[in-house]
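Here is how the chains run, residue by residue.
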Amino acid sequence: MVDWAFLPKDLLVLISKRLETSFDLIQFRSVCSSWRSAAEPKRHRPAHHLPILPDNGGGLFPDSAAGFRLSRRSIFLIGQREQHNETNPFAWLVKVEEDIDDPGRMVLVDPLSDRLNRLPDDFPRVLDLSRFRVRELGQEFKLHYFNCVGNIVDSLYLEKAVVKFLDSDAENEFVLLTIHVSGKLAVFKSWERSWAVIPDMPSPYDDVILFDDQFYAVDNNGRTVVVDFLSLNLTLAANPVFGGDKKFLVESRGELMLVDMYLSIEAVDGAPGFIEEFFEHLAYYMNERTVKFKVFKFDKREKGWVEVGGDLGDRMLFLGDDCNFSASASDVLPLRRESSVLFNGNVFNGEDYGTMQDRDVGVFEFRTGKIEPLRKRPELAKLFWPPPQWIASSMSENAEENLGETS
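What comes next is a walk through the structure. For clarity, every value in this text was computed on a predicted model and none was experimentally measured. (Residues numbered from 1 in each chain as written. Predicted model: local features only at pLDDT ≥ 70, side-chain atom pairs only at ≥ 80, totals over all residues. Heavy atoms only, no water.)

## As for the pattern of salt bridges
Okay, step 1: According to the stated counting rule, one finds 20 salt bridges in the structure shown.
Okay, step 2: The closest approach of N and O atoms between Glu 140 and Arg 73, which form a salt bridge, is 2.8 Å. Here the residue Glu 140 occupies a position in strand S5 (residues 133-147), and Arg 73 occupies one in strand S2 (residues 65-79), the gap between them amounting to 67 residues. With respect to burial, Glu 140 and Arg 73 carry one shared label: buried.
Okay, step 3: Salt-bridge contacts for Glu 379 lead to Arg 377; the nearest nitrogen and oxygen are separated by 2.7 Å. Taken as a pair, Glu 379 and Arg 377 share a single burial class, namely buried. (Salt bridge = Lys/Arg side-chain N within 4 Å of Asp/Glu carboxyl O. Helix = DSSP H or I, 4+ residues; strand = E, 2+ residues; numbered from the N terminus. Buried < 20%, exposed > 50% of the residue type's maximum accessible area, 1.4 Å probe, protein only.)

Okay, here's the thing in structure tokens:
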């Protein structure tokens, strides 16, 4: 039998460099001392302070804002070691961010939004992740405003940001790509300490992603480009995909995918005699609903998008405010292989047509084409909030075991 602790160091170094996430590297280094010494921890820490992105004189940013602070968040799928029945998910989806004002303290955030949730009283202060199945599904970066004295002002900048860390001797060198308020692409290079807005914009950009170590961006028509951050040149990667109202880029099993969201805008019914009020406040009484999705795979050779018909296989796609990611459906619901898209948006559930809808998580079933609010899918709703009871009970069992060992 092979003694894994005595694998050659050169081989361990090569293996560690192929690990895709920082959490995988942490698990690799925790195996034994020889593995830990062979794999250096990644110390990518983007600079805290970035200058304010120019907004073309539109007054987008608060007067008190002096710049941005960049934070990183990781999305984890935490599961039980043993599988449960198909109607009881044995996984919990959570987004973790290091507290900007208190480094070292972690904050739990809603996986698809910026919403902070209050933890239950019985939630453990420390989680022993070795007791669970943990998979890192993705990372997102958030730009927060800070004022002249260093306090966080707000996070009103809603566009998605993606970051590429450079393999160089200079510590903390990175490039950030985001979408400017004008709909154009904006690039920040840490060594230049300045923003550059790329003038090219046949149509406003909808989404950006770091895929296969390159920056990709898609506009509202589905035209997809590769962004060269050094020259700021754009190279056509895929021709347009017309039809939907908002485009999302997501990586799934090593493939780049495009999700096309279709929206419908309808008037909200009101009480008799409200017609004058309706026309005076037209925007208030118009309701935007998500009605359909189409999913495409990237064909690099043909420079196009190929529609996926019928089924996505064992895949679930998640569309968040600042990060899109995917997971295996069987990792979430045992014995289930239904592909779906979970997203933030206004959802028409077939029963309350003509009423105002709050922004909520919706579920699109790829096989049936049906869209429902998450609350109508309790087996999936348990994936989000509140934390499952087995998180606290597992840690309680751990405490009892430790107490038994010391008594």
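After presenting the structure, the write-up continues.
## Description of the sheet that holds strand S21 (residues 360-365)
Hydrogen bonds between backbone atoms are what pair the strands of a sheet, whose relative direction is either parallel or antiparallel.
Okay, step 1: Read from one edge of the open sheet, 5 strands run S19-S18-S20-S21-S22, paired in mixed fashion. Looking along the sheet, the strands with just one partner apiece sit at the ends: strand S19 (324-327) and strand S22 (371-373). Put simply, the sheet's adjacent strands are angled 25 degrees from each other on average, direction ignored. (Pairing = 2+ DSSP bridges. Axes fitted to C-alpha atoms, helices over the stretch in contact; angles between N-to-C directions.)

## Structural notes on the sheet that holds strand S13 (residues 234-238)
Okay, step 1: In space, the 4 strands of this open sheet follow the order S10-S11-S12-S13, with antiparallel pairing throughout. Bordering the open sheet on either side are strand S10 (205-211) and S13, each of which pairs with just one other strand. Neighbour-to-neighbour, the strand axes of the sheet open up by a mean angle of 30 degrees, direction not taken into account.
Okay, step 2: One ladder, built from 4 bridges, connects strand S12 (residues 224-227) with S13; its direction is antiparallel. Bridge pairing in S13 places Val 225 opposite Leu 236.

## Some details on the nonpolar core
Okay, step 1: Of all hydrophobic cores here, the largest spans 21 residues; its most connected members are Leu 93, Phe 318, Phe 325, Leu 383 and Phe 384.
Okay, step 2: If you list the elements that add at least two residues to this core, you get S2, strand S3 (91-98), strand S18 (316-319), S19, helix H5 (329-332) and S21.
Okay, step 3: With near-sequence residues (within four places) excluded, Leu 383 lies in contact with Leu 77, Ala 91, Trp 92, Leu 93, Phe 318 and Val 332.
Okay, step 4: Grouped together as the second largest cluster of nonpolar side chains are 17 residues, Met 257, Leu 319, Phe 343 and Val 347 included. (Core = buried A, V, L, I, M, F, W, Y, C linked by side-chain atoms within 4.5 Å. Contact = heavy atoms within 4.5 Å.)

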